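Below are the chains, spelled out letter by letter.
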Amino acid sequence: MSEPVASRRTVLCCAAVALAGATAAGCSSNNSKEQAKSSGPVDLGAASDVPVGGGKVYREQAVVVTQPAAGEYKAFSAKCTHAGCLVNGVAKEQIQCLCHGSRFAITDGAVLDGPAPKPLPEYKVAVQNGQLQVTK
Ligand code: FES
């Protein structure tokens, strides 16, 4: 009678692994799109779209641009370092991921509240003729 118990455990274990794999695969499919678009400077449009003390998420480019102080722009990967969700937006001077509640600083992408384990990777950002150019 111990054989069926072991089989049930095996099934449960495999189901958990499959579920985890499906979640990871769902996140990594977004990563593939991001990586495919990660060469050269990317034009994100008018710098004036990014509010002072706030930021804007460019979902298609998987980039979040912030403006901690007037004329000071920062760009980060919008891919949360916890499980790969794209961050949702910027509020109260924090970049927010609503998947599991991580929050990051608009000044340097540092983790303000987990479960994210690492800061958001920073990208180069420049403003030319009022247009944001980000280099990943
Ligand atoms: S993926 Fe962002 S908090 Fe989990």
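Residues numbered from 1 in each chain as written. Predicted model: local features only at pLDDT ≥ 70, side-chain atom pairs only at ≥ 80, totals over all residues.

Student: I tried to follow the overall build of the protein on my own but got confused; where do I start?
Tutor: A count of helical and extended segments in the protein gives one helix and ten strands. Mapped from its N terminus to its C terminus, the protein presents α and β elements in the order α-β-β-β-β-β-β-β-β-β-β. Taking all 136 residues of the protein together, the buried fraction comes to 28%. At a minimum sequence separation of 6, the contacts of the protein that also span at least 24 residues come to 43%. (Helix = DSSP H or I, 4+ residues; strand = E, 2+ residues; numbered from the N terminus. Buried ≥ 20, exposed ≤ 12 C-beta atoms within 10 Å, placed from the backbone. Contact = placed C-beta atoms within 7 Å.)

Student: I would appreciate a short explanation of the sheet that holds strand S3 (residues 63-69) in the present structure.
Tutor: Two modes of strand pairing occur in sheets, parallel and antiparallel, and in both the strands are linked by backbone hydrogen bonds. Pairing is antiparallel across the open sheet formed by six strands, whose spatial order is S1-S10-S9-S4-S3-S2. The outermost strands of the open sheet, each flanked by one partner alone, are strand S1 (41-46) and strand S2 (55-58). Strand-to-strand twist of the sheet, defined as the mean angle between neighbouring strand axes without regard to direction, takes the value 25 degrees. Sheet analysis places S2 next to S3, joined by four bridges and oriented antiparallel. Among the inter-strand pairings, Lys56 is bridged to a residue of S3, identified as Val65. (Pairing = 2+ DSSP bridges. Axes fitted to C-alpha atoms, helices over the stretch in contact; angles between N-to-C directions.)

Student: Even after reading the chapter, I still don't get the sheet that holds strand S6 (residues 94-96), so can you show me in this structure?
Tutor: The antiparallel open sheet is built from four strands, whose spatial order is S5-S6-S7-S8. A single partner strand is all that each edge strand has here, and the edge strands are strand S5 (89-91) and strand S8 (111-113). On average, each strand axis in the sheet is inclined to that of its neighbour by 40 degrees, with strand direction left out of account. Here strand S7 (residues 103-105) runs beside S8; their pairing, made up of two bridges, is antiparallel.

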